[in-house]
Amino acid sequence: MNEATVDVLNESIEAEQDSSSRETVRAFVNNVQNRVQERVGNIAGKEMQVVRGWLEEKLRLLDPTYEIYDTASKGAAAWFEPGTGRMVFDDRTMDRRADTGYWSRVRRHEEVHKNDQAHTFNRGAITFDGKVVPVHPVLIEWHAIRQSGQPDGDLTAGYRAHVRLGDELVAIAGRGAVTDALRTGDIAGLQETINGKDDSFLQESRILPASGHLL
Ligand SMILES: [Zn+2]
């Protein structure tokens, strides 16, 4: 591999990360390619392979219409904007040595939000086991994390706590019921299902012991 070209590519990526506020993946890779060409003149042969290898990997990793922005400055690796349908990823995804396994899980996570979840819910929280758990962010994040296969190592402490609460709800209501409710937005229906299960549990526990004493 041509070390000089790799350096020029890395510097061009860095320059684009620093200068652009927000642009599509397609625009980002085109601008980096132009920066490399400006630095070395017409690139050909092996030099072109280095740039092409990077560019093609990024276009496989993210959709060309997804956007690149310094989302880390807002404390996020990526986000989905329900109002506009836009998907926005941190500019570190464009680093030549970016962890493609990690970022493809982030992509799947955001695509769960975009494609597999309702964007309005008929109830804002679910009550089970004496806990009131908000749909946003706890249940929608549980869903995106579990469905994209993100291990604990990918997650902040706050997101790991969301996962634990979601798993507790699944232990009571079943995974299918919870994911159906998040897909359709019918959280009230899920609450009714849980209440039905809670009632039967309470009825059983109300049976008095033979001695008739309540502890
Ligand atoms: Zn999320």
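Residues numbered from 1 in each chain as written. Predicted model: local features only at pLDDT ≥ 70, side-chain atom pairs only at ≥ 80, totals over all residues.

Brief notes about the domain arrangement of the chain
Line of reasoning, step 1. Taken as a whole, the chain is organised into domain 1 (3–114) and domain 2 (125–206).
Line of reasoning, step 2. Using only C-alpha atoms to locate each centre, domain 1 and domain 2 end up separated by 35 Å.
Line of reasoning, step 3. Each partner contributes to the interface: domain 1 provides six residues, whereas domain 2 provides nine residues.
Line of reasoning, step 4. A class-by-class count of the residues in the side of domain 1 that touches domain 2 yields two nonpolar, two polar and two charged. (Domains from an automatic or database assignment. Contact = placed C-beta atoms within 7 Å. Nonpolar A, V, L, I, M, F, W, Y, C, P; charged D, E, K, R; others polar.)

Considerations on the nonpolar core
Line of reasoning, step 1. Formed by 22 residues in total, the largest nonpolar core has its most connected members in Leu 9, Val 25, Phe 28, Val 36, Val 51 and Phe 89.
Line of reasoning, step 2. Of all the secondary structure elements, the ones that give two or more residues to this core are helix H1 (3–19), helix H2 (25–40), helix H3 (45–61), strand E3 (78–81), strand E4 (86–90) and helix H4 (100–115).
Line of reasoning, step 3. In this structure Val 25 touches Lys 58, Leu 59, Leu 62, Asp 63, Pro 64, Tyr 66 and Ile 68, once residues within four positions along its chain are discounted. (Core = buried A, V, L, I, M, F, W, Y, C linked by C-beta atoms within 7 Å. Buried ≥ 20, exposed ≤ 12 C-beta atoms within 10 Å, placed from the backbone. Helix = DSSP H or I, 4+ residues; strand = E, 2+ residues; numbered from the N terminus.)

Notes on H1
Line of reasoning, step 1. Its 17 residues give H1 an end-to-end C-alpha distance of 24 Å, which sits within 8% of 24 Å, the value for a rise of 1.5 Å per residue.
Line of reasoning, step 2. Those residues of H1 that are buried lie in contact with H2 and H3. (Expected span 1.5 Å × (residues − 1).)

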